[in-house]
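Report on the structure
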Amino acid sequence: MKDSSRGAVIVVIIIVVTIGLYLMWNPKSDGGGTSGGGKSGAAPDFTATTIDGKQIKLSDYIGKKPVVVDFWATWCGPCMQELPVLQEFYSKNSDKVEILAVSTDAASVANNVSKVAGDLRLTFPVIHDTSGQIARLYPSRYIPYLVFIDVNGAKVHEATGYNPKIGEEILEKFGLD
């Protein structure tokens, strides 16, 4: 391959990566940010084991309180910014809203998932979805990706990208104060 062809390929790769990062991290772009209301309908149920060994089902929370399912990964900068914000919100509102944090990391980094949960002192259930089973039920091209499920089990809102005011958005979308 000639040097000029190699240079052109490198430029194209840099442009593609830059656009991808922009779409993932810019909450105002078409690929990120808060959606306009999300897809409505019944939220698919799932059963999972948390990183501390507890078996949980989404349907266990239905009829009791709304749920936010947060899809994240240890390598995702915006996710690492949002998790402490979610924890702060949860510390004040766990009686009103449940948060289920679903890590989409590969199985090979299970220790990283547990370390992040411990370092951030996450008190809501953390699930490591190594098979991708849960993520396939709630497909999204971007993380962080949050699915808001009302007390009746209906998806009422979806949001992507880091939002430092996610707690306010949760309260607003569920009509809580």
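Located above this text is the structure these notes cover.
Now for the packing of aromatic side chains. For the coordinates displayed, the defined rule picks out 5 aromatic pairs. A ring pair is formed by Phe71 and Tyr138, whose centres lie 6.0 Å apart and whose planes are at 40°; its orientation type is tilted. With Phe71 in strand E4 (residues 67-72) and Tyr138 in the loop between helix H4 (133-137) and strand E7 (145-149), the pair connects residues that are 67 residues apart, well separated along the chain. Taken together, the aromatic side chains of Phe46, Phe71, Tyr138 and Tyr145 make up a single cluster linked through ring pairs.

Before going further, it helps to spend a moment on the pattern of salt bridges. Applying the stated rule across the entire model yields 4 salt bridges. For Lys54, the salt bridge identified is with Asp52, shortest N-O distance 4.0 Å. Overall, Lys54 belongs to the exposed group, its relative accessible area being 53%. One salt bridge connects Lys92 with Glu88, and the closest N-O pair in it is separated by 3.4 Å. A residue pair is termed a helical-turn pair when its members lie 3 or 4 positions apart in one helix, as Lys92 and Glu88 do in helix H2 (residues 77-93) at 4 residues. Owing to a relative accessible area of 48%, Glu88 belongs among the partly exposed residues under this scheme.

Of all the positions in helix H5 (residues 166-174), only Ile166, Gly167, Glu169, Ile170, Leu171 and Phe174 are classed as buried. Its buried side turned inward, H5 meets E4, H2, E7 and strand E8 (154-160). Looking one or two places after H5, you find Gly175, whose phi comes out positive at around 65°.

Take the pairing of E4 next. Burial analysis of E4 places 6 of its 6 residues in the buried class, which makes it a mostly covered element. A two-sided burial pattern is seen for E4, the buried positions comprising Val67, Val69 and Phe71 on one face and Val68, Asp70 and Trp72 on the other. Alignment of E4 against strand E5 (residues 98-103), held across 6 bridges, turns out to be parallel. By the bridge assignment for E5, Val69 is matched with Leu100.

According to the stated counting rule, one finds 1 disulfide in the structure shown. At a sulfur-sulfur separation of 2.5 Å, the disulfide partner of Cys76 is Cys79. The S-S bond linking Cys76 to Cys79 shows a torsion near 75°; that makes this disulfide right-handed. Neither residue differs from the other here; Cys76 and Cys79 are each classed as buried.

How each quantity is defined
- Residues numbered from 1 in each chain as written.
- Predicted model: local features only at pLDDT ≥ 70, side-chain atom pairs only at ≥ 80, totals over all residues.
- Heavy atoms only, no water.
- Phe/Tyr/Trp six-rings, centres within 6.5 Å; stacked < 30°, edge-to-face > 60°.
- Helix = DSSP H or I, 4+ residues; strand = E, 2+ residues; numbered from the N terminus.
- Salt bridge = Lys/Arg side-chain N within 4 Å of Asp/Glu carboxyl O.
- Buried < 20%, exposed > 50% of the residue type's maximum accessible area, 1.4 Å probe, protein only.
- Contact = heavy atoms within 4.5 Å.
- Pairing = 2+ DSSP bridges.
- Disulfide = S-S within 2.5 Å.

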